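# Structure at a glance
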Amino acid sequence: FTDLRLDRARSTPFVFPTSKSDAPLYREDGRSPVARFEVVLPEGDGFVLHGTLPLPSGTWPDGGPPPLLSVASPRGELHPAQVEPLTRSGAGEVEVVALRAYLSQPSGLTPGERALFDVFLGEPDSPVAPPAIPAASLALCDPEADTPILLQARDIFGNLYRADLRALPAAAGSGERTLIESGPVQRVVRTYATLMPTDQARAAGPNRAPRPHLMGVHAYWTFRAGEERVGLDLRINNGATSGSRRPGPGEEPVGTLYWDSLELVLPPDWRVDPLVADPFFGGGRDEADRRIVTLVRPEEDGSLHMMPPQAQFHRRLTLRPRTRRPGGYLPLEGLAFARKGQGLWSWWNASSAHWFPIDALLPDWGPLRIGPLRGEEAMRSRLTRRRDDLRKTLRSGTPVKGVLAGPLMGWAQPAGVSVQGMTGGKGITYISGHQAMGAASPQGVEALMLQHRMNACRQPQAQYDRLGHIVGFEAWLDSKGRIPFDFRTNGRMVPPPFRLPCQGGPPSDPQARRVRLDHRRPPYDRGSPLRSGGRIDGGDGDLFAWMPHDGQHYARWTHPAMALAWLCGDALARDDLALAAETFHLMFHGAEHVHASWSDGVTLLQFERLAAAYPHHGLPLGRDQAWGIDAMCAAWRLADDPWRAAHREWFRRVGELLVTGAMPSGILERHEEPKLLEGRYAGAQAFECLFLEHAERCLIESVLADTEPELAEELGAVHQRALDYLFWGPVWACIEERGETVCGPRWHFATAPAGDFASPPYCDETHYGPRYLPPNGLAKGVDVTYVWGPLEYGMLLAQGSEGPTLDDRYLRRALTCDRAAGRWERLLSSLYMGAQRDGADTSGNWGSLVGRIQSLRNQRSRER
């Protein structure tokens with residue numbers, strides 16, 4: 001049996017008896033574990049262990065029964081695990097599951113200590129059933145219960161609006177109830193409701209009339225076996241719309257909203273613990289037979305809170321009986337992390353690694369050194385500091401050193417800077433969340449939740465109908481089958497009903513005008529955006545000035561959500577990721593649309609027409625499309641069958657576009673911009689080409705390899721040609737930089753003549769000869785940040801029947817990148833050394849490559 005204790009000095013699992021092998025031990029009945037989880041023990045006599053687990057191929061085929069998994073207790077008892085599908089392959093096979101099991105607290109260990117639990121495949125002989133989910137907890141979300149759970153707010157006239165978070169059938173403002181998890185260990189329910197005016201509001205008189213509604217709210221309820229407390233996550237939004245059909249009650253766009261405070265109304269014996277208590281969390285009070293908790297308190301100067309169109313924000317809460325003392329955030333308690341080991345299903349096993357849409361192998365943090373700390377312990381320490389800094393920022397409303405955030409603006413404290421495209425590579429990586437998974441760090445997961453919260457409140461992209469469904473491409477199609485507007489993920493372009501009056505949108509309503517006349521605008525509501533011909537004031541203290549992370553930097557918005565989905569199956573984050581994907585789809589769709597006067601649009605259909613007219617001449621594609629495809633592929637992995645059926649053709653068309661548009665070199669990007677080679681030529685940026693290579697990998701691995709294998713092979717060939725051009729062709733260079741030789745593809749390079757799309761690209765050897773580039777066709781330095789992932793995938797695409805090897809030409813090219821390490825030891829040492837500082841850690845770009853190298857080296861060592 002595996003000893004449950006961990007040797008803290010080494011921060012590695014201590015196995016009893018001591019063994020030099022990392023192979024799992026066998027039980028007395030001869031069964032060997034298939035996986036192992038590490039967990040920080042929570043308080044209590046028993047707890048729910050929950051985490052995500054990748055599966056080898058064939059474990060849960062499409063349409064087949066789920067695998068029977070059990071978790072071993074310290075006494076050897078096997079507790080049946082609840083297994084929920086999380087991600088699936090293109091063919092529908094389940095690749096990652098969310099596993100939940102109720103366990104007794106191990107004797108001899110105390111809360112806060114780390115413990116290991118083994119997972120076994122097959123039905124146990126004498127399973128130990130979990131305790132029931134308490135009926136009093138389930139009653140909070142029960143439509144048949146007597147006591148409602150309400151969210152309420154008032155407008156400038158004192159009109160009261162309420163939403164019942166139980167989403168009662170047929171009640172005004174009630175949306176859909178969805179059972180996300182339904183097992184005996186954990187149940188997760190999503191509800192949607194809209195704050196509708198009450199009878200009191202409707203009787204207020206014509207000059208004090210209420211608005212049709214205020215915000216909409218998704219509520220995510222988490223119930224657990226033997227646990228009185230309940231997790232309640234909220235997404236509050238001002239994105240009501242019905243798309244192109246006539247709106248029903250509760251889904252009319254209402255422009256900019258003003259409200260006094262936001263309160264949660266509970267039964268009298270319940271209390272609320274927030275994940276983080278920001279300065280506007282107002283605590284609770286008893287009122288008659290109810291407990292009222294102020295989630296967003298009123299402004300002290302009597303002004304009202306303001307929400308622009310499509311604005312949204314999160315609140316993560318734990319509900320507890322009054323008799324229970326305050327505790328932590330329930331969804332983080334018992335959070336477990338699959339661990340590596342020979343033969344174990346894990347993110348480090350090449351047969352089961354399915355991290356993100358690219359099926360990344362994760363790196364081992366053992367080589368990491370940060371001061372006196374080593375390996376996973378060093379990474380845990382860093383992630384804890386990151387979590388603490390984000391907590392301090394949100395609790396105080398003032399950014400602490402190292403946290404890039406805006407000022408506190410009522411319900412919002414956004415991440416980053418107010419412009420949509422903050423320069424630099426911060427948050428722009430191929431994978432994320434790998435640090436928290438590799439270090440088994442709940443603090444790392446919490447840091448991602450806090451980062452995601454701060455992103456959400458600066459991402460005004462909410463679009464939901466009265467049921468709480470995302471209003472995406474299909475819902476916006478008009479009676480002629482067109483999208484009736486030109487949409488982008490940048491430049492403040494939004495569907496017409498959501499435009500501000502200063503941008504030509506609908507005029508502001510009487511309540512908004514009254515707020516201005518009464519001087520009750522909050523301090524963060526500046527300028528004159530609600531007047532025709534007005535303006536947005538700008539500046540970090542103006543909420544209207546905070547633009548969403550645009551398409552070129554979409555990973556800053558999508559990847560924290562993606563990481564939370566893969567780390568813990570977080571339902572709120574999964575839905576945010578789906579919204580982000582549908583937002584990109586609304587820009588890059590395959591239908592006709594109503595053109596703007598100044599542009600034909602950037603839709604998939606427009607690019608298809610350009611590629612058909614000039615095949616293999618390149619396309620003006622770039623980061624926007626790369627990160628949007630990345631988000632769509634992640635959504636595909638997490639989606640149900642109806643969503644896949646509706647979007648399968650889109651993925652095929654995108655794949656065909658990339659094949660048709662690619663130049664003979666495999667390079668896709670052909671842009672004409674003054675910043676590229678001073679506009680002398682149409683050109684490309686190496687990092688954008690590498691992002692598009694990443695997008696091709698997402699498409700192949702997530703969708704096309706299973707649904708369109710011939711197209712996947714063609715797209716793989718495009719990927720390889722581009723790699724050869726970037727790393728062995730005329731774009732490859734070694735330059736002197738600060739006294740050192742640095743090698744990689746040049747940042748900017750010419751791809752074709754400017755001003756004439758019909759002209760063949762420079763890589764067309766039949767026209768220009770081999771390795772041709774025009775004079776001054778290269779500029780600036782070389783890329784050494786984003787080279788690693790595409791090289792790893794080049795190796796995977798080129799592998800022979802014997803599988804990948806360290807002698808592969810693409811992997812060995814990595815040894816000549818950057819400062820030309822020459823040997824694997826030197827390359828890994830250099831990369832881990834760069835990861836010592838949080839701000840300089842680029843492991844999200846090299847993590848999968850290093851994980852692959854470590855796996856191949858371990859395999860070679862075992863073979864020897």
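Check the entry above for the structure.
The paragraphs below set out a description of the structure included in this document. (Residues numbered from 1 in each chain as written. Predicted model: local features only at pLDDT ≥ 70, side-chain atom pairs only at ≥ 80, totals over all residues. Heavy atoms only, no water.)

## Here's the deal with helix α5 (residues 442-456)
- In this model α5 runs 21 Å from its N-terminal to its C-terminal C-alpha over 15 residues, within 8% of the 21 Å that 1.5 Å per residue would give.
- With 13 of 15 residues buried, α5 is to be regarded as a mostly interior element. (Helix = DSSP H or I, 4+ residues; strand = E, 2+ residues; numbered from the N terminus. Expected span 1.5 Å × (residues − 1). Buried < 20%, exposed > 50% of the residue type's maximum accessible area, 1.4 Å probe, protein only.)

## Considerations on the state of the cysteines
- Under the criterion given, the structure shown has one disulfide.
- Bridging C734 to C743, the disulfide has an S-S length of 2.0 Å. The S-S bond linking C734 to C743 shows a torsion near 110 degrees; that makes this disulfide right-handed.
- With no disulfide partner, C457 has as its closest neighbouring cysteine sulfur the one in C568, 20 Å distant.
- Unpaired in this structure, C817 has its nearest cysteine sulfur neighbour in C743, at a distance of 7.9 Å. (Disulfide = S-S within 2.5 Å.)

## A look at the pairing of strand β4 (residues 46-54)
- Of all nine residues in β4, nine are buried, a share of seventy percent or more.
- The side-chain alternation of β4 yields two buried faces, one formed by G46, V48, H50, T52 and P54 and the other by F47, L49, G51 and L53.
- Pairing geometry for β4 and strand β8 (residues 94-104), over nine bridges, is antiparallel. When the sheet's bridge partners are listed, F47 is paired in β8 with L103. (Pairing = 2+ DSSP bridges.)

## Considering the nonpolar core
- Core analysis: the largest hydrophobic core is formed by 172 residues, its most contacted members being L53, W355, V445 and W566.
- Beyond its immediate chain neighbours, meaning those up to four positions away, W566 contacts T52, T87, V96, W347, H354, W355, F356, P357, M437, A634, R637 and L638.
- By size, the runner-up hydrophobic cluster in this structure holds 58 residues, among which are I149, L151, W270 and V272. (Core = buried A, V, L, I, M, F, W, Y, C linked by side-chain atoms within 4.5 Å. Contact = heavy atoms within 4.5 Å.)

## Topic: the environment of V659
- Examined against the element boundaries, V659 turns out to sit in helix α12 (residues 641-661).
- Here V659 falls in the buried class, since its relative accessible area comes to 13%.
- Placed 208 residues apart in sequence, V659 and Q451 show a C-alpha to C-alpha distance of 36 Å.
- Excluding anything up to four places from it in sequence, V659 contacts H616, L711, E714, L715 and V718.

## Some words on the pattern of salt bridges
- The tally for this structure, following the rule as stated, stands at 56 salt bridges.
- A salt bridge links E38 to R380; its shortest N-O distance comes to 3.2 Å. With E38 in strand β3 (residues 35-40) and R380 in helix α3 (residues 375-396), the pair connects residues that are 342 residues apart, well separated along the chain. Both residues of the pair, E38 and R380, belong to the buried class.
- E792 is the salt-bridge partner of R697, the closest N and O atoms lying 2.9 Å from each other. You can see R697 sitting in helix α13 (residues 686-707) and its partner E792 sitting in helix α16 (residues 788-798), a full 95 residues away along the chain. Pair check on accessibility: R697 and E792 agree, each one buried.
- A cluster of three or more residues bridged by salt bridges with shared partners is formed by E38, R114, R339, K340, D364, E376 and R380. (Salt bridge = Lys/Arg side-chain N within 4 Å of Asp/Glu carboxyl O.)

## Quick look at the pairing of strand β29 (residues 681-685)
- Burial analysis of β29 places five of its five residues in the buried class, which makes it a mostly covered element.
- The two faces of β29 match: Y681, G683 and Q685 on one face and A682 and A684 on the other face are all buried.
- In the sheet, β29 pairs with strand β31 (residues 740-753) via five bridges, with the strands oriented antiparallel. Each bridged residue has a counterpart across the sheet, and for G683 the counterpart in β31 is A750.

## A word on the sheet that holds strand β9 (residues 114-121)
- Read across the open sheet, the five strands follow the order β6-β5-β9-β3-β24; overall the sheet is antiparallel. Each end of this open sheet is capped by a strand with a single partner; those strands are β6 (78-80) and β24 (336-338). For this sheet, the mean inter-axis angle between neighbouring strands, taken without regard to orientation, is 35 degrees.
- Sheet topology note: the β3/β9 ladder contains six bridges and is antiparallel. Looking across to β9, one finds that F37 is bridged to F117. (Axes fitted to C-alpha atoms, helices over the stretch in contact; angles between N-to-C directions.)

## Some points on the environment of L99
- Residue position: L99 is located in strand β8.
- Accessibility expressed as a relative area gives 0% for L99, which makes it buried.
- Distance in space between the C-alpha atoms of L99 and R488 is 39 Å, their sequence separation being 389 residues.
- In contact with L99, not counting residues within four places along its chain, are F37, L49, H50, G51, L53, L69, V71, A81, Q82 and V119.

## Notes on unusual backbone geometry
- Its identity is not glycine, yet H519 carries a phi of approximately 55 degrees, on the positive side.
- Note that H519 resides in the loop between α7 (510-517) and α8 (555-568).
- According to the relative accessible area criterion, H519 is exposed, its value standing at 71%.
- Backbone geometry at A820 places phi at a positive 50 degrees, although glycine is not the residue there.
- Within the secondary structure, A820 is located in the loop between α17 (809-814) and α18 (824-834).

Without other data, these values stay purely geometric and don't point to any function.
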